[in-house]
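Structural characterization, general
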Amino acid sequence: MANQLEKLRKENNLLDKQLSKENNTIMMDMVCYLRSSDLCDYDIEIIRKELTGMALEAQLRNEKFSDAVGDDYKALCDELMKNGRQKTLNEKALEILYVLVFGVGTLYLVEILFSSTIINIVKFGQFTMPITSGFLVSTFIAVVMAFSVYNYFTKNSFELSNHNRKTQIKFIIAFTVVWTAVLLIRVFMENTVLWSVNCLYPAAFLALAFVLIKRLEDRHANNLLKFNR
Amino acid sequence: MFDKSQLMRGTLEGCILKIISLEVTYGYEIMLKLTGYGFNDIREGTIYPLLVRLEKKDLICGEFKPSPLGPSRKYYFITKRGKEALNSFEAYWQSISVAVTKILSLEVK
């Protein structure tokens, strides 16, 4: 069964295309900011659909979006965050697990493809993969970094869209420094092998975990849709 | 200066429930009705969070329907719990409005 949340997202993406450039930027900032909240994803998409509808109707009336909802978009989002349905502990855990499994899975795949493991597989048919402390530390930093960047971007979407040059430069520098550090840790701790595993086992575990979490998320989203209809 | 936001929120919620109880309607139309009855400075952005709140409390429920203007609109219906909440709001409003009017009409000695 297809994920109803994805369907709603696609519908909203199509609606976005009808927005004027100015309204599209406002909507992007608002949705981005709403994602920093504890509102559940399905409700965020419903809010997005309704706000986009308001913006489109305002366009058709030759009005500005601010005429319809006021010009303090952040305050409107704060009100919506306060009044909307909050994520349950299970929903939060599922969301974090999804991102975690996806992130670690991607980094694991990169590790296989860009290390000696791929050569061993192709040349010798051996699936043994050394797990180095460099890989573990750099993966940990990368995942923490990804969560932090996501939180920073969503919480400061309005400020960031003002194209503050100083903030942009600071961000680029910080981003470069952290990723260089991750890369250096990975390279310099290359030989600190902790243990060796058959690379197929963690891959199978991660793929299984991903499918399971995705199914649970889909089922939850579809249940919410039935409940809201 | 008197902070009117708290008073407005409770009052508006009751008025929105009343409007929705009379007919199935949508955000922009509710806003027009409220301004028509004298609630100035009301925008869709003012009432939308209240609609979300009322829906969360299961006092109203919404359904998307196509609109003649293009994008589908969310039309709101009052629920059984909403009707009960409206009745209690009306009764409470009658009692406090009489009391508040009496107090405000007192002459300063």
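All of these numbers come straight from a predicted model, not from anything done at the bench.

What counts and what doesn't
Residues numbered from 1 in each chain as written. Chains lettered and ligands numbered in written order. Predicted model: local features only at pLDDT ≥ 70, side-chain atom pairs only at ≥ 80, totals over all residues. Helix = DSSP H or I, 4+ residues; strand = E, 2+ residues; numbered from the N terminus. Rg over C-alpha atoms; globule rule 2.2 N^0.38 Å. Buried ≥ 20, exposed ≤ 12 C-beta atoms within 10 Å, placed from the backbone. Domains from an automatic or database assignment. Contact = placed C-beta atoms within 7 Å. Axes fitted to C-alpha atoms, helices over the stretch in contact; angles between N-to-C directions. Left-handed = near helix turned anticlockwise from the far one by under 90°. Nonpolar A, V, L, I, M, F, W, Y, C, P; charged D, E, K, R; others polar. pLDDT = per-residue confidence, 0-100. Core = buried A, V, L, I, M, F, W, Y, C linked by C-beta atoms within 7 Å. UniProt positions renumbered as here; feature names shortened; annotations may be inferred.

Overview of the overall build of chain A
A count of helical and extended segments in chain A gives 11 helices and two strands. Walking chain A from its N terminus toward its C terminus, one meets helices and strands in the order α-α-α-α-α-α-α-β-α-α-α-β-α. The C-alpha radius of gyration computed for chain A amounts to 22 Å, which surpasses the reference 17 Å derived for 229 residues by more than 25%, pointing to a less compact arrangement than a globule. In terms of its C-alpha atoms, chain A occupies a principal-axis envelope of roughly 70 × 45 × 30 Å.

A short note on the overall build of chain B
When you go through chain B residue by residue, the secondary structure sums to four helices and three strands. Secondary structure of chain B in N-to-C order comes out as α-β-α-α-β-β-α. Once the C-alpha set of chain B is aligned to its principal axes, its extents read approximately 60 × 30 × 20 Å. Counting every position in chain B, which comprises 109 residues, the buried fraction comes to 28%.

Topic: the domain arrangement of chain A
Accessible area lost when the parts come together is the quantity often used to give the size of an interface. Residue and element names in this part refer to chain A. Domain boundaries assigned for chain A yield domain 1 (4-83) and domain 2 (89-228). For domain 1 versus domain 2, the separation of C-alpha centres amounts to 29 Å. Tallying the contact residues gives 12 residues for domain 1 and 12 residues for domain 2. At the level of secondary structure, the elements contributing two or more residues to the side of domain 1 that touches domain 2 comprise α1 (4-16), α2 (21-34) and α5 (73-83).

Brief notes about the packing of α2 of chain A against α5 of chain A
Residue and element names in this part refer to chain A. Two elements in contact, α2 and α5, have axes whose closest approach is 10 Å; the angle formed by their N-to-C orientations is 35°. Crossing geometry of α2 relative to α5 is assigned as right-handed. The segment α2 lies against α5, with Ile 26, Asp 29, Met 30, Tyr 33 and Leu 34 engaging Tyr 73, Lys 74, Cys 77, Leu 80 and Met 81. Each residue belonging to the contact of α2 with α5 can be placed in one class, and the counts come to eight nonpolar, no polar and two charged.

Looking at the interface of chain A and chain B
Each side of the interface is counted separately: chain A has 17 residues, and chain B has 14 residues. Among the elements of the structure, α3 (41-60), α4 (65-69) and α5 of chain A are those that each provide at least two residues to the side of chain A that touches chain B. Looking at the side of chain A that touches chain B, the element that brings in the most residues is α3 of chain A, giving seven residues. When the residues that make up the side of chain A that touches chain B are grouped by side-chain class, the tally is eight nonpolar, five polar and four charged.

Some words on unusual backbone geometry
The residue Asn 62 of chain A is not glycine, and still its phi comes out positive at about 60°. Tracing the backbone shows Asn 62 of chain A in the loop between α3 and α4. Although it is not a glycine, Asp 41 of chain B adopts a positive phi angle of roughly 60°. With respect to the secondary-structure elements, Asp 41 of chain B resides in the loop between α2 (27-36) and α3 (44-56). Residue classification places Asp 41 of chain B among the exposed positions, given that 9 C-beta atoms sit within 10 Å.

With respect to the confidence of the model for chain A
Caution is warranted with low-pLDDT regions, since their predicted coordinates should not be read in detail. For chain A, the average pLDDT comes to 86, and 95% of its residues sit at 70 or higher. The lowest-confidence element of chain A is helix α11 (residues 200-228) of chain A, averaging 81 in pLDDT; the highest-confidence one is α2 of chain A, averaging 93.

Structural notes on the nonpolar core
Among the nonpolar cores identified, the biggest contains 46 residues, and Met 30 and Leu 34 of chain A together with Ile 16, Leu 17 and Leu 51 of chain B are the most heavily contacted of them. Residues within four places of Leu 17 of chain B in sequence aside, it is in contact with Leu 54, Leu 59, Ile 78, Gly 82, Ala 85, Leu 86 and Phe 89 of chain B.

Remarks on the environment of Phe 205 of chain A
Mapped onto the elements of the fold, Phe 205 of chain A is located in helix α11. Residue Phe 205 of chain A is classed as partly exposed on the basis of its C-beta count, with 13 C-beta atoms lying within 10 Å.

A word on the UniProt feature "transmembrane region" (unreviewed entry) in chain A
Residue and element names in this part refer to chain A. Those places that UniProt annotates as "transmembrane region" (unreviewed entry) correspond, in this numbering, to residues 96-119, 131-150, 171-189 and 195-213. End-to-end, the C-alpha atoms of residues 96-119 are 33 Å apart, and along that stretch the chain is 92% helix and 0% strand. End C-alpha atoms of residues 131-150 are separated by 28 Å, and the span's content is 90% helix alongside 10% strand.

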